[in-house]
Amino acid sequence: ELKEMGVPAEAFALDLGDLESVRRVDERYGEHRRLDVLVHNASIYSPSGLGEIDAEGAMAFMRINAIAPLLLTQALAPALRASDLLGGGAVVAMCDIHSMGRPRKGFAPYSMSKAALIEMVQSLARELAPEVRTNGVAPGVVAFPESGYESDEETRQAYVRRVPLERSGTVEDAAEAIRWLALDARYTNGQIVRVDGGRWLA
């Protein structure tokens, strides 16, 4: 789609569950020695009620949602520091409002992994400065699942009733927050921007 818009683009496949491959991503990045923006958007999400949690499943959340973004940022840090964007390079991580002190019942492994990601944002905001800014976007619902858990209309309506703006968000809402942090928020570092229609307050 980017190429059809006349933008040079190249895709690299990466299995975030394979941490050694993630750690060595700079070797695959090859000649691309400058990187302006790194967005950590990939994650896994599912409920894990107490009594159903197993070690491998819990570790999968941590590997993919927290450790892989940390190792990926570390590997690409030299390229990010070489950015010539006004304000420097930018890292933006997709977090979750429910991992900021208001956990949902039945999601402990997922919530723990996203809480670790939030701590990564704040830690790397110090580690990578002043050349690179690191921030996060914490959505409420910007896209309901199309099938499976939380895809039914009753669950959707129950969630929306707790949102002061009385609607769910859109992927465009989240994308705009990412764009702002990456390109325009030149004096914003170590912050988590909630994009939740006010759900945090309700």
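Per-chain numbering applies: the sequence of each chain, read as written, is numbered from 1 onward. Reporting of local features is limited, given that this is a predicted model, to residues whose pLDDT is at least 70; pairs of side-chain atoms are given and counted only at 80 or more, and all residues count toward the totals for whole chains, interfaces and linings. The side-chain values count all of the structure's non-hydrogen atoms but skip hydrogen atoms and water molecules.

Description of the layout of surface pockets
A pocket here means an open set of points on a 1 Å grid, computed over the protein atoms alone, that has protein on both sides within 12 Å along at least five of seven lines. A cavity is instead a set of points where a 1.4 Å probe fits but cannot get out; residues with an atom within 4 Å of a point line either one. Grid points are joined across faces, edges and corners, and a volume is the space filled by probe spheres set on the points. As a volume, the largest pocket reaches approximately 820 Å³. Runs of E in the DSSP output that reach at least two residues are strands. Runs of H or I that reach at least four are helices, and both are numbered from the N terminus. Of all the secondary-structure elements, those providing two or more residues to the lining of the largest pocket are α4 (108–127), α5 (153–160) and α6 (171–184). At four residues, the largest contribution of residues to the lining of the largest pocket is made by α6. Split into classes, the residues belonging to the lining of the largest pocket amount to 20 nonpolar, six polar and six charged. Around the second largest pocket, the lining comprises 24 residues; the ones closest to its centre are F12, Y29, L35, L38 and L76. Breaking the lining of the second largest pocket down by element, the ones donating at least two residues are α2 (25–29), β1 (37–40) and α3 (55–81). If you tally residues by element for the lining of the second largest pocket, the top one is β1, at four residues. Residue polarity follows a fixed list, in which Ala, Val, Leu, Ile, Met, Phe, Trp, Tyr, Cys and Pro are nonpolar, Asp, Glu, Lys and Arg are charged, and the others, Gly among them, are polar. Broken down by class, the residue content of the lining of the second largest pocket amounts to 18 nonpolar, three polar and three charged.

Some details on the environment of H40
One can find H40 in strand β1. Burial status follows relative accessibility: with a 1.4 Å probe on protein chains alone, a residue under 20% of its type maximum counts as buried, one over 50% as exposed, and anything between as partly exposed. The buried category is assigned to H40, whose relative accessible area is 7%. In sequence terms H40 and A68 are 28 residues apart; their C-alpha atoms lie 9.3 Å from each other. Filtering out sequence-adjacent residues up to four positions away, H40 remains in contact with P69, L72, T73, V91, V92, A93, M94 and M120. In the analysis that follows, any N or O atom pair within 3.5 Å is treated as a polar contact, provided that within protein one partner can donate a hydrogen and the other can accept it, and provided that, for residues neighboring in sequence, both atoms belong to side chains. In terms of polar contacts, H40 uses its side chain to reach the side chain of T73, at 2.7 Å. Should any heavy atoms of two residues lie within 4.5 Å, those residues are considered in contact.

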